[in-house]
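Listed below are the residues making up each chain.
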There are 2 protein chains.
Amino acid sequence: MRTLFHMPLDPACRMVRIALAEKGLPAQILEKPPWADTDGALAAVNPAVTVPVLLDEAPTGDDVAIAPASAIIEYIEEAYSSEPLLPSTSAGRAEARRLTAWFIHKFEREVSALTLRERIDKRLMRRGQPDYELLKAGAEALAWHLDYASWLLEQRYWLAGERMTIADLAMAGQLSALDYIDSVPWEKFPVVKDWYARLKSRPAMRPILRDRVDGLPPPAHYDNPDF
Amino acid sequence: MRTLFHMPLDPACRMVRIALAEKGLPAQILEKPPWADTDGALAAVNPAVTVPVLLDEAPTGDDVAIAPASAIIEYIEEAYSSEPLLPSTSAGRAEARRLTAWFIHKFEREVSALTLRERIDKRLMRRGQPDYELLKAGAEALAWHLDYASWLLEQRYWLAGERMTIADLAMAGQLSALDYIDSVPWEKFPVVKDWYARLKSRPAMRPILRDRVDGLPPPAHYDNPDF
């Protein structure tokens with residue numbers, strides 16, 4: 001069966017889960033933190049030992065193990081063309097891919113690597129308290145990114161244009177994980193809040209919003225589309 | 001005219017230049033270091049203010065500005081399908097994309113961010129001497145990556161399979177830049193050396209091997225296919 005190796009609060013894993021759901025592709029979801037790959041099952045399918053990894057039998061009959069997230073996106077878009085998550089024009093596709101890479105790499109490095117990883121990964125790996133200087137730098141970078149997203153969303157209904165694309169799912173993966181630890185100042189960014197309310201009401205977001213991490217409850221507004 | 005904003009010793013820029021040459025797509029090459037974007041020309045086409053950025057009129061008539069490197073690769077592969085740089089099967093494409101991301105992101109972070117950026121970017125930006133602890137960590141990581149590449153190339157003629165793909169160009173972008181500063185221990189990795197000799201003899205590599213940075217000559221073997 002189609003299987004996704006993931007971690008619940010990992011933004012790129014969330015993006016892939018939402019994308020699979022938007023395309024109506026069921027998948028078994030297995031939690032595989034890279035630091036606990038004692039049986040080598042993750043390394044066997046992805047030598048970089050990162051999640052997400054998608055295991056699939058392609059419509060062409062190939063058995064494939066696909067990683068990292070950017071390759072999974074291109075794969076599911078090519079193999080399952082219904083409910084496209086990339087626009088049809090060259091310019092539209094370039095813009096959706098630019099913003100997807102923005103959230104997978106730039107936002108990850110400047111915000112989530114500081115905020116989310118400091119709070120969650122350190123806790124899961126029992127590596128002590130978060131560094132408050134890093135949390136502060138992450139929060140400042142987050143405000144800058146939310147400003148940029150607001151500017152885009154003032155001109156466009158969705159992040160990369162008039163239709164929802166993988167870029168929206170990449171941003172949703174990041175913001176939903178940060179929202180789980182109540183780190184998104186929604187009230188200061190009403191345009192982004194409206195956009196997220198639209199996304200939250202989609203059926204594909206439900207499994208993400210239902211996820212809970214043991215001993216770490218999300219804020220009350222987390223799974224409420226009217227937040 | 002088709003234009004690439006680049007930096008001469010940037011591995012991802014080199015990958016894109018080789019890919020354009022392999023596909024027979026001429027392009028004007030403009031040097032645009034992000035730290036010297038005083039007129040905002042780079043920021044205007046890529047808000048992340050990074051190189052490479054490809055400006056093109058797509059065969060569909062769209063004017064497009066494409067970044068980052070991973071999006072440029074997908075774009076040229078879609079827009080110009082002759083001389084494909086991705087395999088035709090799902091499994092082959094997944095493997096080529098996995099290794100391309102490996103070199104653009106993992107190798108970049110673990111090796112080039114330490115070795116190349118410490119030596120070259122600090123010099124260009126006049127930010128003082130390289131940190132020798134970082135150079136040492138980069139060299140150790142490089143040996144590990146070259147071991148992994150050797151293992152792959154013992155099983156396959158090219159990095160991702162029996163045909164040359166974008167994964168080879170991604171590794172060539174990295175190793176050619178490191179070789180410019182004489183930082184690749186070729187003699188210890190003969191399988192990788194053979195692979196690089198094959199690549200160096202391709203016409204698409206010639207412009208890269210002819211590039212010189214003012215005041216920083218490469219080692220004598222740098223542009224010699226019989227090295």
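Keep in mind it's a predicted model, so treat the numbers as computed, not measured.

Cut-offs applied
- Residues numbered from 1 in each chain as written.
- Chains lettered and ligands numbered in written order.
- Predicted model: local features only at pLDDT ≥ 70, side-chain atom pairs only at ≥ 80, totals over all residues.
- Heavy atoms only, no water.
- Helix = DSSP H or I, 4+ residues; strand = E, 2+ residues; numbered from the N terminus.
- Rg over C-alpha atoms; globule rule 2.2 N^0.38 Å.
- Buried < 20%, exposed > 50% of the residue type's maximum accessible area, 1.4 Å probe, protein only.
- Areas by Shrake-Rupley, 256 points an atom, 1.4 Å probe, with all protein chains shown as cover.
- Lys, Arg positive; Asp, Glu negative; His and termini not counted.
- Charge placed at Lys NZ, Arg CZ, Asp CG, Glu CD.
- Axes fitted to C-alpha atoms, helices over the stretch in contact; angles between N-to-C directions.
- Parallel < 35°, antiparallel > 145°, perpendicular 65-115°, else oblique.
- Contact = heavy atoms within 4.5 Å.
- Nonpolar A, V, L, I, M, F, W, Y, C, P; charged D, E, K, R; others polar.
- Bend = angle between axes of the 7 residues up to and from the residue.
- Pairing = 2+ DSSP bridges.
- Polar contact = N/O pair within 3.5 Å; in protein donor to acceptor, adjacent residues only side chain to side chain.
- Salt bridge = Lys/Arg side-chain N within 4 Å of Asp/Glu carboxyl O.
- Least-squares fit on C-alpha atoms with pLDDT ≥ 70 in both.
- Domains from an automatic or database assignment.
- Buried area = accessible area lost by both parts, 1.4 Å probe.

### Quick notes on the overall build of chain A
No. 1: From N to C terminus, chain A includes nine helices and four strands.
No. 2: Of the regular secondary structure in chain A, the N- to C-terminal order runs β-α-β-α-β-β-α-α-α-α-α-α-α.
No. 3: The C-alpha atoms of chain A give 17 Å as radius of gyration, which agrees with the globular expectation for 227 residues (17 Å, within 12%).
No. 4: Projecting the C-alpha coordinates of chain A onto the three principal axes gives extents of approximately 50 × 45 × 25 Å.
No. 5: Buried residues in chain A amount to 57% of all 227 residues.
No. 6: Per element, the accessible surface of chain A, about 9900 Å² overall, is 52% carbon and sulfur.
No. 7: Side-chain charges in chain A split into 27 positive and 33 negative, and the spacing between the mean points of these groups amounts to 2 Å.

### Examining the packing of helix H6 (residues 132-155) of chain B against helix H8 (residues 190-200) of chain B
Residues and elements named next belong to chain B.
No. 1: At a minimum axis separation of 8 Å, H6 and H8 run at an interaxial angle of 70 degrees. Put simply, H6 runs roughly perpendicular to H8. Residues Leu 146, Ala 149, Ser 150, Leu 153 and Glu 154 of H6 pack against Val 191, Val 192 and Trp 195 of H8.
No. 2: Grouping the constituent residues of the contact of H6 with H8 by class yields six nonpolar, one polar and one charged.

### Thoughts on helix H4 (residues 90-112) of chain A
No. 1: Along its length, H4(A) shows its largest kink, about 40 degrees, at Lys106(A).
No. 2: Among the 23 residues that make up H4(A), 19 are buried, leaving the element largely enclosed by the rest of the structure.

### Focus on the sheet that holds strand E4 (residues 63-66) of chain A
Residues and elements named next belong to chain A.
No. 1: A sheet is described by the order of its strands in space; here four strands give the open sequence E2-E1-E3-E4, paired in mixed fashion. Two strands bound the open sheet, and with one partner strand each, they are strand E2 (28-31) and E4. Strand-to-strand twist in this sheet, taken as the mean axis angle between neighbours without regard to direction, amounts to 15 degrees.
No. 2: Helix H1 (residues 11-22) rests against strand E1 (3-6), E2 and strand E3 (53-57) of the sheet, and its axis sits at about 160 degrees to E1.
No. 3: In this fold helix H3 (residues 69-79) packs onto E3 and E4, with an angle of close to 25 degrees to the strand it touches most, E3.

### Structural notes on the side chain of Asp56(A)
Residues and elements named next belong to chain A.
No. 1: Mapped onto the elements, Asp 56 comes out in strand E3.
No. 2: For Asp 56, a relative accessible area of 6% corresponds to the buried category.
No. 3: Among the polar contacts made by the side chain of Asp 56, one reaches the side chain of Arg 2 at a distance of 3.1 Å.
No. 4: In this structure Asp 56 touches Arg 2, Asp 62, Asp 63, Val 64, Tyr 75 and Tyr 80, once residues within four positions along its chain are discounted.

### Considering the interface of chain A and chain B
Buried accessible area, meaning the area lost when the parts come together, often serves as the stated size of an interface.
No. 1: Tallying the contact residues gives 28 residues for chain A and 28 residues for chain B.
No. 2: Connecting chain A to chain B are four salt bridges.
No. 3: Here Arg93(B) ties to Glu78(A) by a salt bridge, and the two come within 2.7 Å at their closest N and O atoms.
No. 4: On inspection of chain A and its partner chain B, the count reaches nine residue pairs in polar contact (both at pLDDT 80 or more).
No. 5: Elements represented by at least two residues in the side of chain A that touches chain B include exactly E4, H3 and H4 of chain A.
No. 6: Sorting elements by how many residues they give to the side of chain A that touches chain B places H4(A) first, with ten residues.

### Here we look at the relation of the copies chain A and chain B
No. 1: Of the two same-sequence chains, chain A is brought onto chain B (RMSD 0.0 Å, axial shift 0.0 Å) by a rotation of 180 degrees. Taken together, the rotation and translation describe the operation of a two-fold axis.
No. 2: The fraction of interface residues of chain A whose copies in chain B are also interface residues reaches 100%, indicating that both copies meet through the same surface.

### Remarks on the pairing of E4(A)
Residue and element names in this part refer to chain A.
No. 1: Judged by which residues are buried, E4 turns out to be one-sided: Val 64 and Ile 66 face inward and are buried, whereas Asp 63 and Ala 65, on the alternate face, are not.
No. 2: Inspection of the sheet shows E3 paired to E4 by four bridges, in the antiparallel sense. Bridge pairing in E4 places Leu 55 opposite Ala 65.
No. 3: Hairpin connection from E3 to E4: five residues lie between these consecutive antiparallel strands, with Gly 61 at a positive phi of about 100 degrees.

### Structural notes on the sheet that holds strand E3 (residues 53-57) of chain B
To summarise the sheet geometry, strands pair through backbone hydrogen bonds and adopt either a parallel or an antiparallel arrangement.
Residues and elements named next belong to chain B.
No. 1: Ordered by their spatial adjacency, four strands build an open sheet running E2-E1-E3-E4, and the pairing between neighbours is mixed. The sheet is open, and its two borders are formed by strand E2 (28-31) and strand E4 (63-66), each paired with just one other strand. Across the sheet, the axes of successive neighbouring strands diverge by a mean angle of 15 degrees, strand direction being ignored.
No. 2: Pairing between strand E1 (residues 3-6) and E3: three bridges, direction antiparallel. Bridged to Leu 4 within E3 is Leu 54.
No. 3: The strands touched by helix H1 (residues 11-22) within the sheet are E1, E2 and E3, with E1 carrying the most contacts at an inclination of about 160 degrees.

### Looking at the domain arrangement of chain A
Residue and element names in this part refer to chain A.
No. 1: Each domain of chain A was delimited in the assignment, giving domain 1 (3-79) and domain 2 (90-210).
No. 2: A straight line from the C-alpha centre of domain 1 to that of domain 2 covers 20 Å.
No. 3: Between domain 1 and domain 2, the contact holds 16 residues from the first and 26 residues from the second.
No. 4: Summed over both sides, the interface of domain 1 with domain 2 buries roughly 1800 Å², with 71% coming from carbon and sulfur.
No. 5: Between the two partners, domain 1 and domain 2, sit three salt bridges.
No. 6: One salt bridge connects Glu 74 with Arg 97, and the closest N-O pair in it is separated by 2.7 Å.

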